[in-house]
Each structure stands twice: as structure tokens, then as C-alpha cells.
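# Overview (structure and organization)
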Amino acid sequence: MALGTVRGVRAITRADLAVLEALEGLRWDPLVEVAEVVVTLGSTTAFRVLAWTVLLVLLAVRRYQHLFATLALLLVVPLVAALIRESVGRMRPAGVEIVAGWDGYAHPSRPVGQLALVLTIATVVLAPHGLWRRRAAMVTAGVLVLVVAARLYTAVDHPSDVAASLALGVAAPVLALHLLTPEEAFPVTYRRGVRAHLDVGGRRGEAIRRAFASQLDVDVVDVVPFGLRGSAGSTPLRVATPSGALFAKLYAAVHLRSDRWYKLGRTVRYGRLEDERPFNSVRRLVQYEDHMLRLMRDAGVPTATPHGIVEITPEREYLLVTELIEGATHLTDGTVTDDVVDQALAVVRTMWDAGLAHRDIKPSNLLLADGKVRVIDVAFAEVRPSPWRQAVDLANMMLTLSLCVPPAQVYERATRAFTPDEIAEAFAATRAVTMPAQLRSMLREQEGDLVEELRRLAPPRQPVAIQRWTLRRVGLTFAALLGAVVAFALVLANLDLAGLL
Amino acid sequence: MTLRRTGAVTASAALLLGGCALATGGAAPRCEPGMRLATLAQSVPGAAYVPCISDLPPGWTFEGLEVDDDGATITLESDRADREVRVALAASCDVEDATPITPSDEGVRTYHRVDSIDPRYAGQLLDVFPGGCVTVDYDFERGRHVALVTELQAAVSLFARLELRQALDADLDVRLDP
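Just so you know, these numbers come straight off a predicted model, no measurement behind them.

Let us now look at the sheet that holds strand β4 (residues 85-90) of chain B. Residues and elements named next belong to chain B. Overall, antiparallel pairing links the seven strands, which are arranged β2-β3-β4-β8-β7-β6-β5 in an open sheet. Because the sheet does not close on itself, it has two edges, and the strands there are β2 (60-68) and β5 (99-101). The average angle at which neighbouring strand axes cross in this sheet is 20°, direction not considered. One ladder, built from five bridges, connects strand β3 (residues 71-78) with β4; its direction is antiparallel. Bridge pairing in β4 links Thr 73 to Ala 88.

All names here are of chain A. If you check which residues of helix α13 (residues 407-414) are buried, you get Pro 407, Val 410, Tyr 411, Arg 413 and Ala 414. Summarising the axial view, the buried residues of α13 lie within an arc of 165°, below the 170-degree limit, and thus occupy one face. Next to the buried residues of α13 lie α11 (338-354), α12 (387-402), α14 (420-428) and α16 (450-457).

Okay, the sheet that holds strand β3 (residues 244-252) of chain A next. Residue and element names in this part refer to chain A. What the five strands build is an open sheet, ordered β1-β2-β3-β5-β4; its pairing is antiparallel. Looking at strand neighbours, the two that pair on one side only are β1 (222-225) and β4 (306-313), the edges of this open sheet. Strand-to-strand twist across the sheet, computed as the mean angle between neighbouring axes with direction ignored, equals 30°. The pairing of β4 with strand β5 (residues 317-323) spans six bridges and is classified as antiparallel. In the sheet register, Thr 313 faces β5, and the bridge partner there is Glu 317.

A cis amide bond, omega -5°, links His 107 of chain A with the succeeding residue Pro 108 of chain A. Mapping Pro 108 of chain A onto the fold places it in the loop between α4 (64-88) and α5 (110-126). Backbone torsion omega between Asp 118 of chain B and Pro 119 of chain B reads 5°, so that peptide bond is classified as cis. Relative to the helices and strands, Pro 119 of chain B resides in the loop between β6 (109-116) and β7 (120-129). Its identity as a non-glycine residue notwithstanding, Asp 217 of chain A has a phi of 55°, on the positive side.

Here we take up the packing of helix α2 (residues 29-39) of chain A against helix α6 (residues 131-153) of chain A. Residue and element names in this part refer to chain A. Between α2 and α6, the least distance of the axes is 8 Å, while the angle of their chain directions is 125°. As the angle between them shows, α2 and α6 are arranged oblique. For the pair α2 and α6, the crossing hand works out as left-handed. Of the residues in α6, those in contact with Ala 35, Val 38 and Val 39 of α2 are Leu 146, Val 147, Ala 150, Arg 151 and Tyr 153.

All names here are of chain B. Its location among the elements puts Cys 133 in strand β8 (residues 132-141). Of the residues examined, Cys 133 has 26 C-beta atoms within 10 Å and is grouped as buried. Separated by 44 residues in the primary sequence, Cys 133 and Leu 89 have C-alpha atoms spaced 5.9 Å apart. Excluding anything up to four places from it in sequence, Cys 133 contacts Ala 90, Ser 92, Cys 93, Leu 126, Asp 127 and Val 128.

Turning our eyes to something else, we now look at the environment of Thr 415 of chain A. By the secondary structure assignment, Thr 415 of chain A is in the loop between α13 and α14. Considered as a pair, Thr 415 of chain A and Ala 458 of chain A are 43 residues apart in the sequence and their alpha carbons are 9.7 Å apart.

Looking now at the nonpolar core. Residue and element names in this part refer to chain A. Core analysis: the largest hydrophobic core is formed by 74 residues, its most contacted members being Ala 248, Leu 319, Ala 344, Ala 395 and Met 398. For this core, the element with the most residues is α12, which contributes nine residues. In this structure, this core is formed jointly by two domains, domain 2 (202-323) and domain 3 (329-457), each of which donates at least three residues. In this structure, Ala 344 is in contact with Leu 331, Leu 366, Val 373, Met 397 and Leu 401, ignoring residues within four places of it in sequence.

Reading the values: rules and limits
Along every chain, residues carry numbers that run from 1 in the direction the sequence is written. A letter from A marks each chain and a number from 1 marks each ligand, given out in the order of writing. For a predicted model such as this one, the threshold for reporting local features is a pLDDT of at least 70, and the threshold for listing and counting side-chain atom pairs is 80 or more; totals across whole chains, interfaces and linings nevertheless cover every residue. Note on pairing: two strands pair once DSSP finds at least 2 bridges between them. Here a strand is any run of E in DSSP of at least two residues, a helix any run of H or I of at least four, and the numbering for each starts at the N terminus. Every axis corresponds to a line fitted to the C-alpha atoms, with the helix fit spanning only the stretch in contact, and the corresponding angles, defined between N-to-C directions, vary from 0 to 180 degrees. Backbone-placed C-beta atoms define the burial measure: a residue is buried with 20 or more other C-beta atoms within 10 Å of its own, exposed with 12 or fewer, and partly exposed in between. In this description, one arc is meant: the one made by directions from the helix axis to the C-beta atoms. Contact criterion: two residues are in contact if their C-beta atoms, reconstructed from the backbone, are within 7 Å. Note on terminology: angles under 35 degrees are roughly parallel, angles over 145 are roughly antiparallel, angles of 65 to 115 are roughly perpendicular, and the others are oblique. By definition, any crossing whose near helix is turned counterclockwise from its far helix by less than a right angle is left-handed, and any crossing with a clockwise turn is right-handed. In this description, a nonpolar core means buried residues of the types Ala, Val, Leu, Ile, Met, Phe, Trp, Tyr and Cys, linked to one another by C-beta atoms lying within 7 Å. An automatic or database domain assignment supplies the start and end points of every domain.

And the structure:
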């Protein structure tokens, strides 16, 4: 702002030139040659290489929130700097000999600004919090000091030009990334695993302990991830207490977003099978599952006893707490006797009779503990489901059991709880899209076609048509494609404007 | 709306509108002493004149300025021309096959080179002076070319480095040339 007035320009320029003239007096040819090389670290090529490296690393580790924030910063900050440069229209240092190359107006310094921006972003989004980030920050600071020193030594920028560019190039990304991708919600980590599985150490672990104590009057001894295999919609935890252990599912905004994208993707890919409305808050997602657990329990479906909901961060993080079924294995990893088959089929019968559907029957949601079948993860459960959905539940249960027991045996036991017509209808409604991905994948690994085998055992039945194309699906597909094209074109245009292409 | 969502919306808006902000090309180097003109003067040290933009005739717009330690280029557009006009300041230029015309200013030798007459009227106006030269590159459709060239000659002027140097010294206490 000071450069917007004549008095301001005079004062600042006088101070700037005093520094540059002093540095000019210290010039030594070998050092000038070194400075001319160091100055190139702020070149457009260097900026592009660093920027694309950051973007590609984020893409490779699938940290999309950081990727979007980085892309936005790489476009917006240089844009703001360019607007300031055009507005001020400051000349290069005068009264001293400029001994390095330059281009454009001087204030703020484009090369220093770009370098500061990309190195600061890299420090925050690529270096894990703690020692690594401190080291990265020191390297960033060191590089910037070198480049700034070189540019001042060669008199290609005023000191106030580099100061302004550092303020913008460092402060803007730090602030923006803190706002858009706070560390607690988006930790920088390179551990392998499902993105939905959040870290429960550190501050989050402490928050969990406090919340259990204040809301459920439970002292927590330890919280560790538990049963991660087959869980991608939440972070399952084992909560150790003085009187035993509890099971808890940690839900956060990342799970809500996954739920939204999952349902949108299903609608676009497969059409309207049934209600695929996403939840619009983490609280509602957790409330729903807790409610369904209680409904299932009250209806006599053998599931985990609910113990309530714990709020970690209002509207952002919640725990759904249930009993921990000790000593349980996944049904398909245990000994599946006729009694176990009967129990599993009885689960479906009980749900039918109570007007409920699980909608996600698959091996990882069926446990076997002390010879007893328990069904878990009722997040997708439904009240008063359509007959089609009830039929699909039966088919998925029979297919899951057929992974361990010959299909003919499963069919014979099923006829004790269901009529042949009901079983025929179940398999008439079965397609790849009606099976959970885990079940589909495990069936593919089997020799032979278990779906066809079970279908042939049942009375012949015409396939049940699934409504695939609706106005909503057409609209969503078109909007998704159009949005993708527009976003791609805009990003390309702005990448070009930001000098990244 | 949370702070994070506000930031995300703002960033998205900036992404969407970003390109438009710079579409105007910024402020033109006007024919008045100041830092913009001084930057052009710094691009060719020793050039006795620098190009500047007088009042642009109706329909003409300033599209951009590229300036570095090797010279400067001003880009202009007219709503009656389908191609832009480029005004370049350089340390030297080639006046071969160019015809001398009335000088633009004191101490300046002005030339006109016509590369094409039909179907398009294309060529350069060159102002050669001590330490540098200014080349105006144009390419117009026939029919409108006479008026456009006349307007162009009125729009682009030369500003004396000496005058610029004196003004900067007096107003900003800055010595243009060490």
C-alpha cells in the first residue's frame, strides 16, 4: 500500500537502494557468478518442476483434500501476486547495476514468491507433522535465504520486493492449508492402509478418553485399531476399560464424504436400485446406525449390543459404541456346521418377519463366536424394505454360506426356513450389482459359478428387472460429466495462467 | 458456513474467475513519467526513447506488456482488426527494405516497411534512435487498414529517456541510469 503513494515510493525506494548499494560495494566476480546460478532456482522451470512434483506425490498417495488445496493455492496466490504487480508497476532497482536477468515488474518478486509458495506448500502437505516438518521448514528457509541473498546481491529485486513476496508466498499457504486441511482432520502420513482408518493416537486419543469418561462414565485404558480388514466406511476400534473391552466405530467427515461419493457413484453406474440419499452430517450417519442396531436387537436379530454414541468433536467426529464380541471370527474363517447355516438363515428370516433388511450381508459382517452367529455393521440397514431387497438379503446370505459349505447343502437347509419360490425369487433378483464388493470378489475366486448353481437348484424363475435408467440417473450422469469437463477445462486454463503448463 | 467452507468457496471462486481478472492485461505504460515507463527504459539501457501509449482511440485496447532485460513488447488490439498489434522496444532492428518517412520525434529516424498489400495490409513502422529502436508490427484486413494505421500512429508515441530520467530524479529521488 505504501507503494501506492509518491511519498511511500520515495521512502521505501531510498531504504531499498541503501541496502543494494551496500551490497553492490561487496561484489566480487566469483561470487557474482555463483549468485547468477542461484538466482535460477527461482525460474519458472524450477517452479513448474517443484509444483508438479508436489501435485503428483499427492495424487499418488491419494490425499485429495491436500491436492485440491494445493492446486487452489498454486493458482490463486500467483494470480493475486500478478494483480499486485500490475497494479503497482514498480521498476527494477535503479542507481545500481543489475547483473542478473529479470522480467516483468518488480513488486512483489515473482521468482521469490513462486519459490516460497511451492516450498511452503511442499513442507506442509508432504512432510509429516513433527520432526520431519521442522527439518523441511529449515531446508525451505535455507533455500529461500540463498535465493533472496543472490537476488539482492545481483540487484535484480529490491529488498521490499522480496519481503512482500515472502509474506504472500509463505503466509498465504500456511493460513489456507490450516483452514482447508487442518492437521487433526487431514494428517500427513505415509502409512499404508485404508484412508478411512483415522489415526487414534495423540490428541484424538486423548479426546476419545475424555469423551468416554464424561459421556458414558467409562474409564478408557487403551484405544487401538481393531478388525480393519473389510472395514472401509469407518475406523473400527477396540476400547479397553478396567471391566473389559468395548467396540467402537469412529466416524468423521471423511466417512461422510465417502458415503456421499459411494452413493453418487452407485447411482451413476447402476441406476436407482433403491434409496441412495446420502447423509448430510456425521451426527445423522451415526444416529442412524445406532437406531438400526437397537431395532435389530429389539427384533431378535443377533447383533452387537449398542452402548450409545460418544461425541468427539461436535458435528465432525463421533464414536458408535457397542459390546465387543470376544473371541469372534468371521463366519467364513470358522467351522460352518449345519447349525451355523441354520442360524445364519434364521437371521434373514427374523429380519423378514420384523420388516427389516441388512443390505450389506457379506463375510466381514457375519461373525461366529462360541458357535453363535452374530451380524454386525447395520449402517445400511433399512426399515420396511421392498420385497426385492429382502430377497437380495437372502441370496447374499446363501452365497456367503456357499463359500464354506456346498451350495446344495446350503439350499437344503434354506428350504427349512424359506419356500423354494422365495429362494427362486432371491436368485432371480441377484446380479453383480446387488452383491457387496467383498462378496463379489470372493465369489470370483471360487471354482465354478455359485450363483448359477444355487439358481439351478431353485425352481426356474424369470430374472427380476432392476430399474436402471431414471431421470435422476440421467441428470446426475450428465451433470457429473459436464462438471468434470468444465472443471478440467478451467483447471487447464488456470494451470496455463499460473505458468504450470 | 464454517471458516473452512468459506475458504474453500473463496478459493473455488478465485479459480473460476481468476483468468478473467488478468484478461484486461493490466495498466498500459502511458506517456507520462513513472515507474511503468521506467521499467521499459531499464529493459534497453541507453535507448534514447521508450514507446508509450497515448490516449487509445475508440475500439483499441491494451492487451499486455512483456518486459525483461532484453527489451519490451506492448500488445494492442482493435475491435476492427482480427490480429493484434505488437510494439517492441529493442536495442537494434533491421531497416533493410524499409522506406524512410517523416520522423516521429527529434533525433529519430522513422521507417515504414510494407510486407503485404493484398489480401492483407501488413508491415512495420520503425523508429530508430540512439541506443535502440521501436518496431510496430501490424497486419490488417484491406479496407480498414488506412484508418487503423493512422490510429495506430496516433496511439503509440515515444517518450524521451532524458525527460524520464529527470522526472524520476525529481519526483522519486531515483537515478534511472547509474
